[in-house]
Amino acid sequence: MDRARRTVCQVLYNGMEVGLSERLKSLSYTDNACGVSDEISLCFEERDAAWIRDTLKPEKGADLDVTVWFLDWKRSGDRLRYHCGNFTLDDLTYSAPPRQCVLKGVSIPAGEKFKCEKVSKVWGNVTLKQIAEEFRKKYEMKDLFYWGEEPVIQDVEQKAEPDSTFLNRMCEKQGLSLKVYKLALVIFDKRWYENGSKTGNIIATFHEEDMEDSYSWNTTLDGTYTGASLGYTNGKKKETIQVTVGEGPRILQLEEKADSEAEALIFAKARVNAANEKMTTLSFAAMGNPDIVATCNISIEGMGAMDGWYAVDKVTHTIAEQHKMKVHAYKIFKRI
């Protein structure tokens, strides 16, 4: 007889097993594709909450390392490991009644400098990868993963803005995406993931009967574009030059500082492609699936106009008595 599916959660506090795992009542983990930090929320109740308050006394800034084991999930004997990641404990709540303790963490380096400290610096003759590598070392991260082009940036100013804001802004201008983990930086081109749908890399297929509680689907032309026209100032001749990408009725008008026509074209394409991600969007709740992660591709079938391939840009996994998830995705489109 097959055994029922179940989950086992492991919560390490500053790298150690201190009793949180066995006391955990529920968790909620939000996995974002880019631009926003991943988040985790751990809930403890009654005597376990009191134990955390009176005995453990966790401190903000501590490391939470959270792993979920899915047992007997697809077949009897399965032991699937899902590492939510390492998080910096940044929010702690005690409440009653009922007595509860909620620990919340975000996937950013410990301390507030990366996200809050304003820095001014002029960068010159540098690639985006080199900027990211400097930040990796500065915040003592273990890894940098970079999948994308590496054009040389001749001159750019970081003007009184946090390193996290500056790095994300530079990625967006280059048409790349940034995901920040506590111990790593990941910079990638979304089209590399989206193109996986063309080669059959679809993680799961959903039908209307798979969607629990509710779903929402929207398609719009508002704020989406068929191309862009960007005016940039030539640094040597001090003259304004206009470049255009795409064509058609909805042209986005832009003004940007660029060092060359090639760089201006990159900026224009990046702005149009980012805007068009909201052209067709979908959100739905379903039974939890540990294979569904941000940046993966899914398929919708049997729902008429909603059918097609979608890229997941956010998924929230909630594990209590059951495993549920809320998926947010956009329909894969032809990027400029």
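Residues numbered from 1 in each chain as written. Predicted model: local features only at pLDDT ≥ 70, side-chain atom pairs only at ≥ 80, totals over all residues. Heavy atoms only, no water.

J.: What is the right way to read the packing of helix α4 (residues 128–138) against helix α5 (residues 163–173) from this model?
T.: A packed helix pair is summarised by two numbers, namely the angle formed by the two axes and the spacing between the axes. Packing of α4 against α5 leaves a shortest axis separation of 11 Å and a crossing angle of 160°. Classified by the interaxial angle, the pair formed by α4 and α5 is roughly antiparallel. Here α4 and α5 pass one another in a crossing that is left-handed. Where α4 abuts α5, its residues L128, I131, A132, F135 and K138 lie against D163, F166, L167, M170 and C171. Here the residues of the contact of α4 with α5 are counted per class, giving eight nonpolar, no polar and two charged. (Axes fitted to C-alpha atoms, helices over the stretch in contact; angles between N-to-C directions. Helix = DSSP H or I, 4+ residues; strand = E, 2+ residues; numbered from the N terminus. Parallel < 35°, antiparallel > 145°, perpendicular 65-115°, else oblique. Left-handed = near helix turned anticlockwise from the far one by under 90°. Contact = heavy atoms within 4.5 Å. Nonpolar A, V, L, I, M, F, W, Y, C, P; charged D, E, K, R; others polar.)

J.: Quick question: what am I supposed to make of the sheet that holds strand β8 (residues 143–147) here?
T.: Consider a sheet: its strands pair through backbone hydrogen bonds, and that pairing is either parallel or antiparallel. Pairing within the open sheet is mixed, and its three strands lie in the order β8-β11-β10. Looking along the sheet, the strands with just one partner apiece sit at the ends: β8 and β10 (177–180). Going from strand to strand, the sheet's axes swing by 10° on average, the running direction of each strand aside. Of the strand pairs in this sheet, β10 and strand β11 (residues 184–188) are connected by four bridges, and their pairing is antiparallel. By the bridge assignment for β11, L178 is matched with I187. This element, α4, spans β8 and β11 of the sheet and lies at about 165° to β8. (Pairing = 2+ DSSP bridges.)

J.: So what exactly am I meant to see when it comes to empty space enclosed by the protein here?
T.: The probe, sized like a water molecule, is rolled over the atoms to show the empty space still left. Counted according to the given criterion, the structure contains two cavities of 30 Å³ or more. Here the largest cavity defines a volume of roughly 80 Å³. As for the largest cavity, its lining consists of A33, F188, K190, Y193, E194, T295, N297, A311, V312, D313 and Y330. Those elements that place two or more of their residues in the lining of the largest cavity are α6 (190–194) and β19 (308–319). (1 Å grid on protein atoms, 1.4 Å probe; cavity = no way out; pocket = protein on both sides within 12 Å on 5 of 7 lines; lining within 4 Å. Points joined across faces, edges and corners; volume = space filled by probe spheres on them.)

J.: Which parts of the structure should I look at to understand the layout of surface pockets?
T.: Its volume calculated, the largest pocket comes out at about 670 Å³. In terms of lining residues, the largest pocket is bounded by 29 residues, among which E172, Q174, G175, L176 and A270 are the most central. Going through the elements one at a time, α5, β10, α6 and α7 (261–275) are the ones with two or more residues in the lining of the largest pocket. Of the residues forming the lining of the largest pocket, the biggest block, eight residues, is contributed by α7. Residues that form the lining of the largest pocket fall into these classes: 11 nonpolar, seven polar and 11 charged. Together, 25 residues line the second largest pocket, and Y29, H83, C84, K179 and Y181 are the ones closest to its centre. Of all the secondary structure elements, the ones that give two or more residues to the lining of the second largest pocket are β2 (26–32), β5 (79–95), β8 and β11. Among the elements that line the lining of the second largest pocket, the one with the most residues is β5, at five residues. Across the lining of the second largest pocket, the residue classes tally to 15 nonpolar, four polar and six charged.

J.: Mind showing me how you'd approach unusual backbone geometry here?
T.: With glycine set apart, most residues show a phi of negative sign, and most peptide bonds adopt trans. A cis amide bond links A96 with the next residue in sequence, P97, at an omega value of -20°. Relative to the helices and strands, P97 resides in the loop between β5 and β6 (100–106). Cis peptide bonds are those with omega within 30 degrees of zero, and the linkage from P97 to P98 qualifies with -15°. With a phi angle near 50°, N14 is a residue other than glycine that sits in the positive phi range. Within the secondary structure, N14 sits in the loop between β1 (6–13) and α1 (20–23). One non-glycine residue, E46, lies in the positive phi region at around 50°. Along the chain, E46 turns up in helix α2 (residues 46–56).

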